[in-house]
Amino acid sequence: METLIIGAGAMGGLFATLLTPLVPVTLFTTNAGHAEAINRTGLALICMDGQVRRSSACALTDPDRYGRRADLILICTKARSTGQAADVASRLLARDGLVLTLQNGLGNLELIQAAVGVSRAAAGITAQAATLLGPGQVRHAGSGPTVLGAGPGQEKKIAAVAALFNQAGIATTVTDDVAALLWSKLIVNVGINALTALLRVPNGTLAQIPECESLMADAVTEAMAVARALCVRLPDEAPLEKVRAVCALTSGNQSSMLQDILAGKPTEIDVINGAVVREGVKTGIPTPVNQMLTELIKALEATTAQRIN
Ligand code: KPL
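Residues numbered from 1 in each chain as written. Predicted model: local features only at pLDDT ≥ 70, side-chain atom pairs only at ≥ 80, totals over all residues. Heavy atoms only, no water.

Under the annotation held in an unreviewed UniProt entry, the protein carries the name 2-dehydropantoate 2-reductase and is attributed to Desulfomicrobium norvegicum. One UniProt comment on the protein, placed under Sequence similarities (unreviewed entry), says "Belongs to the ketopantoate reductase family." The Catalytic activity (unreviewed entry) comment attached to the protein in UniProt states, word for word, "(R)-pantoate + NADP(+) = 2-dehydropantoate + NADPH + H(+)". (UniProt positions renumbered as here; feature names shortened; annotations may be inferred.)

Shown next as structure tokens:
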């Protein structure tokens, strides 16, 4: 299964390293220094037991140099780059191939469907956690389940991808309820990402401090109310319990939003808490805590360059 991973950040690097012993993997990145380091020494993954695993995946910065068609394209970019990634995918995907987004937030799948067609686009979620340490280096920070959504007619293709992931040690299951899948991950990100970025704490701290816990619970409760109003059948009986469990499982990890803020990059707030606010407006559900978190993160993004340390 010829595999192309668009986005060679933490998650793209992790999946590339885990998949390369089994299938040929190419990484596409716009970061020339990172691509050069990957091609020179092989992407280095610092595993959870401290061992270093090197990937034989090669990296490209120019999609026109790929020179073949991919059977599987994983999109692991930040949400702000989904449009560009979908465009690259539409040019490099085999006719009966599949594009799978493993990104955070709402709206990515729709952009990819528009570029490659509904039957060739799928979404999954992963509770794997990783950090990009620098050019050519990724740390595997936590391991949790991966779930792939199979839309109508995609069952066979998704089952093959799930089998590949399981063989690579990425524990993966399949569901046919894609909306429930995306909302269940959204709710985790709604509870964790903005708060960890604002407070500059690792995920585990949120569940340990009562004030953080209560803000996390309020943001999650609002998102659940919006999901219910949209008739999304959330798979978790107690989503807040799940958010707490993810905090514990990834306790030492910096959320992706905290990593963005620390790197002075724009965050994914618009497709996470911002998406809850937008869907809340459409369904008439008030979302004041998500609104406040969205505005605070936007203020933080805007003022990061001017902060007094
Ligand atoms: O998805 C994540 C993220 O950081 O974006 C969690 C699950 C919160 C892990 O850090």
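A.B. asks: Would you take a moment to explain the site of the ligand for this structure?
C.D. replies: Within the structure, the ligand sits among Asn104, Lys185, Asn189, Ile192, Asn193, Asn203, Val246, Asn253, Ser255 and Ser256. With respect to the ligand, the side chain of Lys185 contributes an N or O atom lying 3.2 Å from an oxygen atom. At 3.1 Å, a side-chain N or O of Asn193 approaches an oxygen atom of the ligand. Notes on the ligand: free accessible area 280 Å², of which the protein chains cover 92%. At 4 residues, the largest contribution of residues to the shell around the ligand is made by helix 6 (residues 178-199). Taken together, the residues that form the shell around the ligand break down as 2 nonpolar, 7 polar and 1 charged. (Near = heavy atom within 4 Å. Polar contact = N/O pair within 3.5 Å; in protein donor to acceptor, adjacent residues only side chain to side chain. Areas by Shrake-Rupley, 256 points an atom, 1.4 Å probe, with all protein chains shown as cover. Helix = DSSP H or I, 4+ residues; strand = E, 2+ residues; numbered from the N terminus. Nonpolar A, V, L, I, M, F, W, Y, C, P; charged D, E, K, R; others polar.)

A.B. asks: Would you mind going over the nonpolar core with me for this structure?
C.D. replies: Where a protein is soluble and globular, its nonpolar side chains tend to be buried together. Grouped together as the largest cluster of nonpolar side chains are 65 residues, with contacts concentrated most on Leu4, Ile6, Ile73, Val99 and Leu206. If one sorts the elements of this core by residue count, helix 6 sits on top with 13 residues. Once residues within four sequence positions are removed from consideration, Leu206 is found in contact with Gly191, Ile192, Leu195, Thr196, Leu199, Val201, Cys212, Glu213, Met216 and Cys247. Formed by 37 residues, the second largest nonpolar core is a distinct cluster that contains Ala16, Ile38, Leu45 and Leu74. (Core = buried A, V, L, I, M, F, W, Y, C linked by side-chain atoms within 4.5 Å. Buried < 20%, exposed > 50% of the residue type's maximum accessible area, 1.4 Å probe, protein only. Contact = heavy atoms within 4.5 Å.)

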